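Tertiary structure, described
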Amino acid sequence: MRTISILCSVVFLLSLAAWPVIDYAGGRSCMPVTFPPLWPAELTASAIGLLAAVVLVIAVIKSLLARRRRAWTIGALAVVIAAGSAFWFCPPELPGFLHGLRDRFVAEVGYPKMREFAKEMSQAGPEAIIGRPGMGSPPAPEQQRRWDDLVARYPFLNWTYGAGTVIVRGGIVELTWGSALTGHWGFQVAPDGVVKDIEKDRGKVLRVAADIQFIYYFD
């Protein structure tokens, strides 16, 4: 029972620690991590942690009935409960998806380039929507040429299977990737002003400057 209790508590703690690591790695790759395909890796870690907790509870019950190793099993369960409660109810400011996305942009693009991109896109019009051509129908040659030119100068448009969409609205330029299943993520830049807060129930925001913020819509 002692070995099982220790093993289960360690597995549970590792599953908790895996959450911010997986989230950050997804941001760095500009795509949520899935394992297996199409299944969020965070849920895989949660399933493993839940299984470890269930096995630990069974070990506690057995130790109480047998009146052996009770201190080890109950102590391990107390550690699991305390760690789980701290993780869910008192979460520290841990790096996450948007931090990973920010770090990749800082390393490979830079804020000046993002501002340059937003300035150019803002000239497309106040309500312009620019997306990868050919999504659902063959692209017009002029559309394809324009997109290829943008990608040549701003390679980050193609970071996620070339499916970036640019929306110019209300003085803010927004680039997002994603889908209804995974949510949408990207950034907003206000070329001539400041970015605005979004509703908390819509998603998460990481503001890095008055005119730049990274966003994740839950959808």
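Located above this text is the structure these notes cover.
All values derive from a computational prediction rather than experimental measurement.

Before going further, it helps to spend a moment on the pattern of salt bridges. Evaluated as defined, the whole model comprises nine salt bridges. In this structure, R153 engages E120 in a salt bridge whose closest nitrogen and oxygen atoms are separated by 2.7 Å. One end of the pair, R153, is in helix α6 (residues 141-153); the other, E120, is in helix α5 (residues 111-122), with 33 residues separating them in the sequence. A salt bridge links D149 to R153, with the nearest nitrogen and oxygen atoms 2.7 Å apart. Remark: R153 and D149 occur in helix α6; sequence separation between them is four residues, near one turn of the helix. Members of the salt-bridge network, linked through shared partners, are E120, D149 and R153.

Residues F105, F117, F156, L157 and F187 are the most contacted members of the largest nonpolar core, which totals 31 residues. Those elements that provide at least two residues to this core are α4 (97-108), α5, α6, β2 (165-169), β3 (172-179), β4 (183-189) and β6 (212-217). Ignoring any residue separated from it by four or fewer positions in sequence, one finds F187 in contact with F105, M114, F117, F156, V173, E174, L175, Q213, F214 and I215. Counting residues in hydrophobic clusters, the runner-up holds ten residues, among them C8, L56, A76 and F87.

Moving on, we get to the sheet that holds β6. Two orientations exist for strands paired in a sheet by backbone hydrogen bonds: parallel and antiparallel. A sheet is described by the order of its strands in space; here six strands give the open sequence β1-β2-β3-β4-β6-β5, paired in antiparallel fashion. Strand pairing shows two members of the sheet lacking a second neighbour, β1 (129-131) and β5 (203-209), which therefore form its edges. For this sheet, the mean angle separating the axes of adjacent strands, direction not counted, is 15 degrees. Each of β3, β4, β5 and β6 is contacted by α4, which is oriented at about 135 degrees to β6, the strand it contacts most.

Together, I6, V10, L14 and W72 give the surface a local cluster of nonpolar side chains, amounting to about 370 Å² of exposed area. Among the elements that line the nonpolar patch, the one with the most residues is helix α1 (residues 2-29), at three residues. By the secondary structure assignment, W72 is in helix α3 (residues 70-89).

To continue, consider the pairing of β2. As paired elements, β1 and β2 share three bridges and run antiparallel to each other. Counted as the bridge partner of G131 is T165 from β2. Bridge count between β2 and β3: five bridges; the pairing is antiparallel. Paired with R169 across the two strands is I172, which belongs to β3.

If a strand is regular, its side chains alternate between the two faces of the sheet. β4 sits mainly inside the fold: six of its seven residues count as buried. Looking at chain direction, β3 and β4 are connected through seven bridges and run antiparallel. When the sheet's bridge partners are listed, E174 is paired in β4 with Q188. Note that β4 and β6 share six bridges and pair antiparallel. Residue F187 lies in a different strand from β6, and its bridge partner there is F214.

Criteria and cut-off values
- Residues numbered from 1 in each chain as written.
- Predicted model: local features only at pLDDT ≥ 70, side-chain atom pairs only at ≥ 80, totals over all residues.
- Heavy atoms only, no water.
- Salt bridge = Lys/Arg side-chain N within 4 Å of Asp/Glu carboxyl O.
- Helix = DSSP H or I, 4+ residues; strand = E, 2+ residues; numbered from the N terminus.
- Core = buried A, V, L, I, M, F, W, Y, C linked by side-chain atoms within 4.5 Å.
- Buried < 20%, exposed > 50% of the residue type's maximum accessible area, 1.4 Å probe, protein only.
- Contact = heavy atoms within 4.5 Å.
- Pairing = 2+ DSSP bridges.
- Axes fitted to C-alpha atoms, helices over the stretch in contact; angles between N-to-C directions.
- Patch = residues over 30% accessible without salt bridge, like charges linked within 9 Å, V, L, I, M, F, W, Y side chains within 5 Å.
- Areas by Shrake-Rupley, 256 points an atom, 1.4 Å probe, with all protein chains shown as cover.

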